[in-house]
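A look at the structure
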Amino acid sequence: MATEGQFEYESVLCVKPEVNVYRIPPRASNRAIRAADWKLDAPDWSGRMRVTARGKVAYVKLEDKISGELFAQAPVEEYPGIAVETVSDSSRYFVLRIQDDNGRSAFIGIGFGDRGDAFDFNVALQDHFKWVKQENELTKQAQAPDSSPKLDLGFKEGQTITLNIGQSKKKDRSRPQSSGGFGLLPPPPGGKLAPPPSSRSNNHNTQPPAGGNDTGCLLDLDSSNSNSVAPSNPTSTANSDLWGDFDSSK
């Protein structure tokens, strides 16, 4: 599969300037790999690491820091998998299966001094193979025939449809109308109503004002004494005049 992708465009997924390489003992059983079994204080090689991709295959390349000469590389066709494995006692160390041009392989240990570099290395591989998984699903969907029933939204023969455009009914908005042509006049200010004519000057034909205020002050507009104040009880005066007329008529 690496031979099929060697003419494809190679993209760089991750570059880390410092990585250590360790020889690891052979596996005696199926127990988990522990970095504590390695000689962590004496790495066998140190250099730069580049993670690249050609097509669907990723490559972990170990290169010299100065010259860029390739020390070893590990083709990765799936992750997690046998090509890149994590250890059980640390997140900064991994096991790589490296291969040469003749197809021979060997397992080595790699480690990062910074935990953030190990995190970036892990995420770069995860993102690449998420993309590979999506590409495989799209390819399967394109090749597999669509067996689900299709919804037919076309018109049958002789079927028509009518559209009413621009014929919506408009709602008439009623405006409030006044009860008459003229509005009601405001009442006059209190205490300014003209009193009725005096009974003495008008032959005792005075009628008491309708709806008058007993406590208000009324002004006497008699022509003989226009500046005088009206009596405080006009009703009693009018009643005495009326009885006087009745006595004179007897």
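Residues numbered from 1 in each chain as written. Predicted model: local features only at pLDDT ≥ 70, side-chain atom pairs only at ≥ 80, totals over all residues. Heavy atoms only, no water.

1. Regarding the pairing of strand E7 (residues 105-111)
Where a strand is regular, its side chains alternate between the two sheet faces. Taken together, the three bridges between strand E1 (residues 10-22) and E7 define a ladder with antiparallel strand orientation. In the sheet register, valine 21 faces E7, and the bridge partner there is isoleucine 110. Bridge count between strand E6 (residues 93-99) and E7: seven bridges; the pairing is antiparallel. Each residue of the ladder has a partner; that of leucine 96, found in E7, is isoleucine 108. (Pairing = 2+ DSSP bridges. Helix = DSSP H or I, 4+ residues; strand = E, 2+ residues; numbered from the N terminus.)

2. Quick word on the packing of aromatic side chains
Following the criterion strictly, the structure yields seven aromatic pairs and no others. When the centroid spacing of 5.8 Å and the interplanar angle of 45° are considered together, the rings of phenylalanine 112 and phenylalanine 121 count as tilted. Chaining the aromatic ring pairs together yields one cluster made of Tyr22, Trp38 and Tyr93. Note that arginine 54 overlies the ring of tyrosine 59, its terminal NZ or CZ placed 4.5 Å from the centroid. (Phe/Tyr/Trp six-rings, centres within 6.5 Å; stacked < 30°, edge-to-face > 60°. Lys NZ or Arg CZ within 6 Å of the ring centre and 35° of its normal.)

3. Some thoughts on the nonpolar core
A general tendency of soluble globular proteins is for nonpolar side chains to be buried together. The biggest cluster of nonpolar side chains holds 27 residues, and the ones touching the most others in it are Met49, Val84, Ile110 and Phe121. Elements supplying a minimum of two residues to this core: E1, strand E2 (45-54), strand E3 (57-63), strand E4 (70-76), E6, E7 and helix H1 (115-143). Sort the elements by how many residues they give to this core and H1 lands first, with six residues. Setting aside chain neighbours within four positions, we find isoleucine 110 in contact with Val19, Asn20, Val21, Tyr22, Trp38, Met49, Leu62, Arg92, Tyr93, Phe94, Leu96 and Phe121. Among the nonpolar cores identified, the runner-up in size contains seven residues, and Ile33, Ala35, Val87 and Val95 belong to it. (Core = buried A, V, L, I, M, F, W, Y, C linked by side-chain atoms within 4.5 Å. Buried < 20%, exposed > 50% of the residue type's maximum accessible area, 1.4 Å probe, protein only. Contact = heavy atoms within 4.5 Å.)

4. Observations concerning the confidence of the model for the protein chain
Summarising the model, the protein chain shows a mean pLDDT of 76, and 62% of its residues fall at 70 or more. Scored below 50 in pLDDT, residues 1-6 shows six contacts in the model against residues more than four places distant or in partner chains. (pLDDT = per-residue confidence, 0-100.)

5. As for the pattern of salt bridges
The final tally for this structure, using the stated rule, is nine salt bridges. Note that glutamate 10 is salt-bridged to arginine 54, the shortest N-O span being 3.2 Å. With a gap of 44 residues between them, glutamate 10 in strand E1 and arginine 54 in strand E2 connect regions that are remote in the sequence. In this structure glutamate 10 comes out as partly exposed when scored by relative accessible area, which is 28%. (Salt bridge = Lys/Arg side-chain N within 4 Å of Asp/Glu carboxyl O.)

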